[in-house]
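So you can see what is in the structure, the chains are spelled out below.
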Number of protein chains: 4
Amino acid sequence: MIRVAVAGYAGRMGSAVVDAVTAADDMVVACGIDPHGEATDFPTYRSIEEAVEAGGFDVVVDFTQPSVVAHNIDVALGAGKDCVVGTTGLSTETLEGLAAKAKDDACLFYAPNFTTGAVLMMQFAKAAAPYFPEAEVIEFHHARKKDAPSGTAVRTAQMIADARGFESSAPGKETEIEGAEGARGALVNGVPVHSVRSMGFVATQEVIFGSMGQTLTIKHDSWDRTSYMPGVLLGIRSVGERSGLIIGLETFMG
Amino acid sequence: MIRVAVAGYAGRMGSAVVDAVTAADDMVVACGIDPHGEATDFPTYRSIEEAVEAGGFDVVVDFTQPSVVAHNIDVALGAGKDCVVGTTGLSTETLEGLAAKAKDDACLFYAPNFTTGAVLMMQFAKAAAPYFPEAEVIEFHHARKKDAPSGTAVRTAQMIADARGFESSAPGKETEIEGAEGARGALVNGVPVHSVRSMGFVATQEVIFGSMGQTLTIKHDSWDRTSYMPGVLLGIRSVGERSGLIIGLETFMG
Amino acid sequence: MIRVAVAGYAGRMGSAVVDAVTAADDMVVACGIDPHGEATDFPTYRSIEEAVEAGGFDVVVDFTQPSVVAHNIDVALGAGKDCVVGTTGLSTETLEGLAAKAKDDACLFYAPNFTTGAVLMMQFAKAAAPYFPEAEVIEFHHARKKDAPSGTAVRTAQMIADARGFESSAPGKETEIEGAEGARGALVNGVPVHSVRSMGFVATQEVIFGSMGQTLTIKHDSWDRTSYMPGVLLGIRSVGERSGLIIGLETFMG
Amino acid sequence: MIRVAVAGYAGRMGSAVVDAVTAADDMVVACGIDPHGEATDFPTYRSIEEAVEAGGFDVVVDFTQPSVVAHNIDVALGAGKDCVVGTTGLSTETLEGLAAKAKDDACLFYAPNFTTGAVLMMQFAKAAAPYFPEAEVIEFHHARKKDAPSGTAVRTAQMIADARGFESSAPGKETEIEGAEGARGALVNGVPVHSVRSMGFVATQEVIFGSMGQTLTIKHDSWDRTSYMPGVLLGIRSVGERSGLIIGLETFMG
């Protein structure tokens, strides 16, 4: 039974982690850490220091804030506890510095994206790229999203370009008719990327490959923060046998 | 039994018309017209004049060339024969002029697109538009296509804009990150249109509507010129009871 | 400004109605009705009688329980208030009996499904059916759903069968190989219906039409109860000009 | 420059192979073999024996008939020529027997499916299976197809079942309502498989994986026999460096 401490258990992501860990057969919520948390049916602490002093857990899962995550990790690794971190805002240098001070072979695992399906979508796109002369990415996000294309779409396009090592033969912006500039999308490393925005989507992405007489489409839909949870559980199950800094959920997938 | 004369029966579209008419229960190929045609199991003529003189048919279906279609129609309507025309290149003025000289209440039916599914897609897009704050069009065509977006996509976007009578609230090109201009597509009357090009497609279009917590998608795929045939047969069946100029397959659909 | 009373405002659907009405420009939450509700920034009452006595509203929206909805409607219509009802469990006879006692031309509007996109999907399926020899329905719902196919899928199949008035020519269960019974789905009035179950879906349905060389697909995705809200607002806006019993959101759509 | 002999060059698949080889930069059609072939711009022979005697090629591509393929392979391998075979009907035992008599390290490559995208779809399905509690397969084929489900769908379901090693938790046939037997599809090794039939499809398959709040979909569309050609070219390029019997295009893909 893996004993899990949930930092930020009172927040939206933290409480989803509590639910997912509780529902899993092979792990248990050992305690929660949150300065704003209320009492619940597992022990709770106001700070990482209090939790470490009380002990009784193997792994800390941190979905807190950029302002506190580095401190949490520092204390936890210093006490030999493995860390599974989804809080963004830490540079690779900071992560390396933190991991260097880990005691007892503790592992620091950070992933920018814990959605298993999104990680597989990118791996499959990379694997398919050499076999298709053309590839395009379409991403669909909620109308509130402030930038286009999404970071995942840009990374996917870059991975495709790197993996195939040839230029697409598909026609480009020179075929756009007057007044319809943008129809062929944004070119990211030679891969057209299209962004759709609508209240009707949460986060969806399609990668479309074509060759003579056939198309191969890889599509991922996510409509809830629970989509992070299978990846978080995979991280919790994997860190015990690893040590040092590990970045990216794909490390634990095939 | 409707008796059909097929102009251009030796060409690719013409021979598909011959097959479709032959397979239908309520009509028959009365004759073929083509200066380059070989003998076959129905009477054939070198010109529309020869065919009209021989008689024995009710409707002419014309998928020929822009250079001869006007002459064909002129002679056929002058002999009181209904015309079903898919050859492009005739202006509305030309069509009106031709129809004005029709004898015996003959009907001139012209459609820029005979694909029933594409026509329904546009009608449904028009009907749905008022109920959704956001709409986008994605069209997918073969890499050989020389212009983007497709004419059907542009018409669909215009129909959506007219039908809804409000501005979309979705974010636009101002959200495109640097170096990724075009991600939000081409704005056609305020409706984003995205064009995908790949050897793997023939002709596909999706219209995506979104509102709170839901999306409605209308998609049409066509992979063969036979997709025109149900519309051609519908035209052949419908012109007998009509007269004068009729433009657009939607006239005969619901 | 339409003044709306929200019955069951403390429940999940009721609070979503409060949010949607508040966000709309042309209506306002006049009061809430809920025996279990807490105080909030609009007047609240424990019962429909208290609310009616206090007055100050034009329409009651009811997403409560089968056990109380009939009583709520009875009192509201008796006071001349229009009703927009999404609570299920009332027979057509009961609805007719309630509507018969309405005062002051009040309208009783009931809809089994308030999702605008789902209603349009069914209308479009009905309109397309006569033009395609084949149609199939695929519905995708959460793994917790206890019955297959969904009620919406069954209704859609029935509407297609009624609208087309011919038998599909697609091969049926006789083509299923040994040990693979069920591959061709359930036949509902001659229309194959397929049910997919997965944690990864909320509620999605596709209707797929095929004819020579083309397919037309109408797809609706819903991932949140907010997808009901555009339909609820449409109901609120429409009942003022109507009276008596009205069933089905399609009455107010085109 | 790889010199290719095309057996059955006058048939439909054979002539598509001729076109694809001709269009490729790194290979050339050295000769054609077909008892019914007409003269063309490359040397042609009536039999494999004549071709072998004339020589001047490295690889034979065989898309002929079950009745002649074994003889063709036997003669070609006996002359030390590599073989790329897509003709079906040969058992593994027969293939092994033929390969055993190959001279000069010739390679016998047989694939039941040369469509690169379909092969990748199956590989990706296998890779994704362990990460998702639920998986279903939907295949869409032309209404003329005589069996359901397709062989590719059955193989995909088996690969998923083997790769994940657990039982799906999705509800099964016990949730089908009365009169709707088959809604949950055919269970192939515990994986639901659904077959859609319509004139509007050639060959399409979707594999749908779900877990909390997300779905991953892998879809392959094929609408033309040219979809085999990238796989055939890959086979031609790969056999030169291999010897003995190789079955399955996946051997040469990643």
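Residues numbered from 1 in each chain as written. Chains lettered and ligands numbered in written order. Predicted model: local features only at pLDDT ≥ 70, side-chain atom pairs only at ≥ 80, totals over all residues. Heavy atoms only, no water.

### Comments concerning the overall build of chain A
What chain A contains, in helices and strands, is seven helices and 12 strands. For chain A, the spread of C-alpha atoms along the three principal axes comes to 65 × 35 × 35 Å. Here the analysis covers contacts within chain A between residues at least 6 apart in sequence; of these, 69% occur between residues at least 24 apart. Accessible surface for chain A amounts to roughly 9,900 Å². Of this, 49% is attributable to carbon and sulfur atoms. Seen as two clouds, the 19 positive and the 32 negative side-chain charges of chain A have centres 2 Å apart. (Helix = DSSP H or I, 4+ residues; strand = E, 2+ residues; numbered from the N terminus. Contact = heavy atoms within 4.5 Å. Areas by Shrake-Rupley, 256 points an atom, 1.4 Å probe, with all protein chains shown as cover. Lys, Arg positive; Asp, Glu negative; His and termini not counted. Charge placed at Lys NZ, Arg CZ, Asp CG, Glu CD.)

### Examining the domain arrangement of chain A
Residue and element names in this part refer to chain A. Per the domain assignment, the segments of chain A are domain 1 (2-110 + 225-253) and domain 2 (116-222). Computed from C-alpha atoms alone, the centre-to-centre distance between domain 1 and domain 2 is 33 Å. Both sides of the domain 1 and domain 2 interface together cover about 490 Å² of buried area, and 66% of this is carbon and sulfur. Summed over the three residues of domain 1 that lose the most area to domain 2, namely Ser 227, Glu 250 and Met 253, the buried surface amounts to 72% of that side. At the boundary of domain 1 with domain 2, the tally comes to zero salt bridges. For the side of domain 1 that touches domain 2, a count of residues per class yields three nonpolar, two polar and one charged. (Domains from an automatic or database assignment. Buried area = accessible area lost by both parts, 1.4 Å probe. Salt bridge = Lys/Arg side-chain N within 4 Å of Asp/Glu carboxyl O. Nonpolar A, V, L, I, M, F, W, Y, C, P; charged D, E, K, R; others polar.)

### Focus on the sheet that holds strand β2 (residues 27-33) of chain C
Pairing between the strands of a sheet comes from backbone hydrogen bonds, and it takes one of two forms, parallel or antiparallel. Residue and element names in this part refer to chain C. The strand order across the open sheet built from seven strands is β3-β2-β1-β4-β5-β6-β12, with neighbouring strands paired in parallel fashion. Each end of this open sheet is capped by a strand with a single partner; those strands are β3 (44-45) and β12 (244-247). Of the strand pairs in this sheet, strand β1 (residues 2-7) and strand β4 (residues 59-62) are connected by four bridges, and their pairing is parallel. The residue of β4 that forms the bridge with Val 4 is Val 59. Against the sheet, helix α1 (residues 12-23) engages β1, β2 and β4, with an angle of about 155° to β2. (Pairing = 2+ DSSP bridges. Axes fitted to C-alpha atoms, helices over the stretch in contact; angles between N-to-C directions.)

### Side note on the interface of chain C and chain D
Residue-level contacts link 43 residues of chain C with 43 residues of chain D. Here chain C and chain D share an interface that buries about 3,000 Å² over both sides, 65% of which is from carbon and sulfur atoms. Counting across the chain C and chain D interface gives zero salt bridges. Where chain C meets chain D, there are 15 residue pairs in polar contact (both at pLDDT 80 or more). In the side of chain C that touches chain D, the residues fall into 20 nonpolar, 13 polar and 10 charged. (Polar contact = N/O pair within 3.5 Å; in protein donor to acceptor, adjacent residues only side chain to side chain.)

### Thoughts on the side chain of Ser211(B)
Tracing the sequence through the fold places Ser211(B) in strand β10 (residues 203-211). Classification of Ser211(B) as buried rests on a relative accessible area of 2%. Beyond its immediate stretch of four places on either side in the chain, Ser211(B) contacts Met199(A), Gly200(A), Tyr131(B), Phe132(B), Pro133(B), Thr116(C) and Pro230(C). (Buried < 20%, exposed > 50% of the residue type's maximum accessible area, 1.4 Å probe, protein only.)

### Some words on the interface of chain C and chain A
The interface of chain C with chain A comprises six residues on the first partner and six residues on the second. Buried surface at the junction of chain C and chain A, both sides included, amounts to about 410 Å², of which 60% is carbon and sulfur. It is Gly200(C), Val202(C) and Trp223(C) in chain C that bury the most area against chain A; as a group they hold 82% of the surface buried on that side. Counting across the chain C and chain A interface gives zero salt bridges. Here chain C and chain A share two residue pairs in polar contact (both at pLDDT 80 or more) between them. The residue inventory of the side of chain C that touches chain A, partitioned by class, reads four nonpolar, one polar and one charged.

### Observations concerning the sheet that holds strand β11 (residues 214-222) of chain C
Here 10 strands make up an open sheet; going across it, the order is β8(B)-β9(B)-β7(B)-β10(B)-β11(B)-β11(C)-β10(C)-β7(C)-β9(C)-β8(C) and the pairing mixed. Since the sheet does not close on itself, it has two edges, and those belong to β8 (186-188) of chain B together with β8 (186-188) of chain C, each with one partner. Sheet twist, expressed as the mean angle between neighbouring strand axes with direction ignored, is 20°. Contacts from helix α6 (residues 151-164) of chain B reach β7 (134-141), β8, β9 (191-197) and β10 of chain B within the one sheet, and its direction differs from that of β7(B) by about 170°. Sitting on the sheet, helix α6 (residues 151-164) of chain C is in contact with β7 (134-141), β8, β9 (191-197) and β10 (203-211) of chain C, with an inclination near 170° to β7(C).

### Quick look at the side chain of Lys219(A)
Inspection of the secondary structure puts Lys219(A) in strand β11 (residues 214-222). With relative accessibility at 18%, the residue Lys219(A) sits in the buried group.

### Section: the pattern of salt bridges
All names here are of chain C. Applying the stated rule across the entire model yields 32 salt bridges over all chains. Its salt-bridge partner being Arg 3, residue Asp 58 comes within 3.0 Å of it at the nearest N-O pair. Taken together, the residues span a long stretch of sequence, with Asp 58 in the loop between α2 (48-54) and β4 and Arg 3 in strand β1 at a distance of 55 residues. We classify Arg 3 as partly exposed; its relative accessible area is 36%. A salt bridge links Asp 147 to Lys 145, with the nearest nitrogen and oxygen atoms 3.3 Å apart. On the basis of relative accessibility, which here comes to 25%, the residue Lys 145 falls in the partly exposed class.

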